[in-house]
Amino acid sequence: MTTLDDLPIRDDLRGRTPYGAPQLDVPVRLNTNENSYPVPEPVVEAIGKALAAELRDLNRYPDRDAVALRADLAGYLGHGLTVDQVWAANGSNEVQQQLLQAFGGPGRSALGFVPAYSMHPLLALGTCTRWVPGRRGADFGLTAEEAVAQVREHRPDVVFLCSPNNPTGTALDPAVVTAVLDVAPGMVVVDEAYAEFARPGTVSALAVLPGHPRLVVTRTMSKAFGFAGGRLGYLAADPAVVQAVQLVRLPYHLSALTQAAARAALAHRDALLGTVAAIKEQRDRIVAELRARGLRAADSDANFVLFEVGGDQSAAWRTLLDAGVLVRDVGLPGWLRVTAGTPAETDAFLTAMDKLTGTQAPRSRGEQ
Ligand SMILES: *Cc1c(COP(=O)(O)O)cnc(C)c1O
């Protein structure tokens, strides 16, 4: 049988494993930060109609520049953004890949502050961009001083900031973004995949865009919109950045069906984003319940919580899985990540946690 090693594959890909968060058929799936709520029926109908309207014209290529969709996305983002400042692709992963194709590449480097989104180094690998794993401070925080020192030291062509950060969950002070912009010799990409879940008072890097043509903010419909299967990510930046990614994108990369479905979803944004408040409630409940059990949990502005299990996190991951709850082992010794979903999913997770820790849930006053 032919194996990968028998093929004349690129040397830098030898021995690598593909991105692979387990897709297991278990009752409670809380490992990839999807929105647990299905698409509401009126939105299903609207997307169905929009798709049907495209079918007869599938003999033609779609709008290669997805202008109508980008205009809709600019309208959603606000901040006075216009269509020439927004770009869309099949998930923000593809947007970030295009950014690395345009601004990274052979002989160039990208810096991220780990632990952060595991796809950033993989996208760097795929685009032959040298990956520089930067460090975070105590409790996974990142101060302007810490970030600036590392940007000065490595002089990367691309800096990835992730806010709210995955897997830690905490949003970044925009002062860190502006401090990095002041010293970065290249592009600064702020991955805001979870922006809609941020706690009140959190400021988006979108507010920093005016006057900063090397800043890119990436967003996605995969999380808050509950549209992960639709594959739609986007960016906001200076119009020159949009022109840059158009040099490397594949022609007609966004299918007519994707564009139509995303536009219909955006038109029903109130219904789709209607689950965000409920998810934030479960997120805060998970943090509070874990802390009440004496476990450390990071402050979260996202739809997930990073929590400490102590000791061997992969054994803890297995124990939770055996209890029917799939969470994420992000390779951080002693810590696991759980997605906030429905109240019933939180119940199942907390019950599994009690099995793991061998403790009982703190009882309410009445029971004592
Ligand atoms: C989930 C996630 C994304 C989403 O990627 P898509 O390709 O848009 O589905 C992007 N960035 C981070 C940090 C994420 O956690």
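Residues numbered from 1 in each chain as written. Predicted model: local features only at pLDDT ≥ 70, side-chain atom pairs only at ≥ 80, totals over all residues. Heavy atoms only, no water.

Taking an unreviewed UniProt entry as the reference, the protein is identified by name as Histidinol-phosphate aminotransferase belonging to Micromonospora globbae. The Catalytic activity (unreviewed entry) comment attached to the protein in UniProt states, word for word, "L-histidinol phosphate + 2-oxoglutarate = 3-(imidazol-4-yl)-2-oxopropyl phosphate + L-glutamate". (UniProt positions renumbered as here; feature names shortened; annotations may be inferred.)

**Student:** How do you make sense of empty space enclosed by the protein when you look at a structure like this?
**Tutor:** If you roll a probe as big as a water molecule over the atoms, it shows you where there is empty space left. Enumeration according to the criterion identifies one cavity of 30 Å³ or more in this entry. Taken as a whole, the largest cavity encloses approximately 30 Å³ of empty space. If you trace the largest cavity, you find it lined by S163, L172, P174, V177, V190, E192, V203 and A205. Its residues placed into classes, the lining of the largest cavity shows six nonpolar, one polar and one charged. (1 Å grid on protein atoms, 1.4 Å probe; cavity = no way out; pocket = protein on both sides within 12 Å on 5 of 7 lines; lining within 4 Å. Points joined across faces, edges and corners; volume = space filled by probe spheres on them. Nonpolar A, V, L, I, M, F, W, Y, C, P; charged D, E, K, R; others polar.)

**Student:** Looking at this structure, how should I read the UniProt feature "domain: Aminotransferase class I/classII large" (unreviewed entry) in the protein?
**Tutor:** Taking the UniProt record as the reference, the feature "domain: Aminotransferase class I/classII large" (unreviewed entry) is found at residues 28-352. Secondary structure content for residues 28-352 is 39% helix and 16% strand, and the end C-alpha separation is 11 Å. (Helix = DSSP H or I, 4+ residues; strand = E, 2+ residues; numbered from the N terminus.)

**Student:** Sorry if this is basic, but what is going on with the pairing of strand β6 (residues 187-191) here?
**Tutor:** The side chains of a regular strand alternate between the sheet's two faces. With respect to burial, β6 is a largely interior element, five of its five residues being buried. Burial along β6 is two-sided: M187, V189 and D191 and V188 and V190, pointing in opposite directions, are all buried. Judged from the five bridges that link them, strand β5 (residues 158-162) and β6 form a sheet pairing that is parallel. Pairing of V159 across the sheet is with V188, part of β6. Handedness of the β-α-β unit built from β5, helix α6 (residues 174-183) and β6 comes out right-handed. As judged from the four bridges shared by β6 and strand β7 (residues 215-220), these two strands associate in the parallel manner. Each residue of the ladder has a partner; that of D191, found in β7, is T218. (Buried < 20%, exposed > 50% of the residue type's maximum accessible area, 1.4 Å probe, protein only. Pairing = 2+ DSSP bridges. Right-handed = clockwise from strand over helix to strand, strands pointing away.)

**Student:** Please clarify how the site of the ligand should be interpreted in this entry.
**Tutor:** With respect to spatial proximity, 13 residues lie near the ligand, and among them S92, Y194, T220, S222 and K223 are the closest. Note that an oxygen atom of the ligand is positioned 2.5 Å from one of the side-chain N or O atoms of T220. Separating an oxygen atom of the ligand from a side-chain N or O atom of S222 is a distance of 2.6 Å. Isolated, the ligand exposes 390 Å² of accessible area, and the fraction of that covered by the protein chains is 94%. (Near = heavy atom within 4 Å. Polar contact = N/O pair within 3.5 Å; in protein donor to acceptor, adjacent residues only side chain to side chain. Areas by Shrake-Rupley, 256 points an atom, 1.4 Å probe, with all protein chains shown as cover.)

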